[in-house]
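Descriptive analysis of the structure
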Amino acid sequence: QRARMVAAGRYPVLLQGPTSAGKTSVIERLAAATGHVLLRINNHEHTDVQEYIGAFAPDEHGKLVFRDGALTTAVRHGHWVVLDELNLAQSEVLEALNRLLDDNRELHIPETGETLTPHAHFMLFATQNPPGAYGGRKVLSRAFRNRFLEMQTDEIPAGELTTILERRCAIPASFAAKMVSVMGELQRRRSSSRVFAGKAGFITPRDLFRWAERRPGTYQELAEAGYALLAERLRSTPEREVVAQVLCSLLPRVQLCAETLYERLLCGAPGGPPTAGPHEGGTVWLPSTRRLYALVAACMASSEPVLLVGDTGTGKTTVCQLYAQAAAQALHIINCHQHTEAADFVGGLRPTRGRTLQLKALRGRVAALEAEAASARAARA
């Protein structure tokens, strides 16, 4: 169906469906199959028009030049572009798209006064989750949505999800089927926690992929990996017990003991399991510290991003520091607050201070280098 939409040519496509339903993945697959470059814009409440259109920035000579944004680049060169989470974008971003979505299909760049006609191979896709079911999503106007060819994307059926897990993650079909059955049972057992609230909850195919990527070799390892991923993010003991019950009831011949699991994970951590006594710097390895360290080590072994949630003073940052020290890795700490911006993470332009002194020092180093080179030539002569 999506291929027929693309074959229709000039019409933009909007895919709406639940999270992890494969909306973006199928567009990536179509682009790869047809030989098109796919650009992706992730929308959020702070996305501005400059990320779409572009902005002025200094070149290598310090001169201000206009740098095309992702949408402008796609329009010029005939690439495909996908706008993820369209209903999270600000109203001014949606208004900037109106002219491109009209029948005349033009993109106006206010900064340069240029008006672009899209390349013949240009295609625009957008994806979004249904408003209401997911927090922060706005309801797009009917007039705006009518500019798209709209398609509803359903959840991945259990049989297809089993096949995807088996082939993508290279795990036995029996493991994949059990994992999908665990997901279905946990979705049915809605608890007071928002983790299992609603039909889909926060248990999505992404959780299953992470589970499978831990490469369990036995049902016991499968159960332990599932418990570490699904249960350990819950703050309530009864809710963790529900996850353990489901795993033990659906996976054959397994027994779950949290303390045993932590010790096994610690054995695979860098440097092996820590000693019970005080660590360098005065850190005391309490059971809660060992648990958190074991879970972080398991995530890092699978190259998974980690979000530690807990009260202040419970050792979240300390565990990260201890792991970085054991792994001999440099750790950079950024203190986030309400005024933290992207430039604090990726960098930005800052005025140069002491330029005269820096130029003087640079000239001195260049002169010293030239003198050294002249001495070397004279010695060879």
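That block above? That's the structure.
Reference entry: report on the structure contained in this document. What you see is a predicted model; the values in this text were computed from it and never measured.

The rules behind these values
Residues numbered from 1 in each chain as written. Predicted model: local features only at pLDDT ≥ 70, side-chain atom pairs only at ≥ 80, totals over all residues. Heavy atoms only, no water. Helix = DSSP H or I, 4+ residues; strand = E, 2+ residues; numbered from the N terminus. Polar contact = N/O pair within 3.5 Å; in protein donor to acceptor, adjacent residues only side chain to side chain. Contact = heavy atoms within 4.5 Å. Buried < 20%, exposed > 50% of the residue type's maximum accessible area, 1.4 Å probe, protein only. Pairing = 2+ DSSP bridges. Axes fitted to C-alpha atoms, helices over the stretch in contact; angles between N-to-C directions.

With respect to the helices and strands, the residue Thr 72 is situated in helix α4 (residues 70–77). At 2.7 Å, the side chain of Thr 72 and the backbone oxygen of Ile 53 are in polar contact. When residues no more than four places from it in sequence are discounted, the contact partners of Thr 72 are Tyr 52, Ile 53, Leu 107, Ile 109 and Leu 116.

Let us look at the environment of Pro 58. Considering the arrangement of structural elements, one finds Pro 58 in strand β3 (residues 54–58). Residue class for Pro 58 comes out partly exposed when judged on its relative accessible area of 32%. Considering only alpha carbons, one finds Pro 58 and Pro 252, 194 residues apart in sequence, at a separation of 62 Å. Setting aside residues up to four positions removed in sequence, Pro 58 forms contacts with Lys 63, Leu 64, Arg 67 and Leu 349.

As a further point, take the sheet that holds strand β8 (residues 123–128). In spatial order, the strands read β2-β5-β8-β1-β9; together these five strands make up an open sheet with parallel pairing. Lying at the two open borders of the sheet, with one neighbouring strand each, are β2 (38–42) and β9 (149–152). Along the sheet, successive strands turn relative to each other by an average axial angle of 20°, direction set aside. The pairing of β2 with strand β5 (residues 80–84) spans five bridges and is parallel. Bridged to Asn 42 within β5 is Asp 84. Contacts between helix α2 (residues 23–34) and the sheet are confined to β1 (13–16), β2, β5 and β8, with β5 contributing the most and set at about 175° to the helix.

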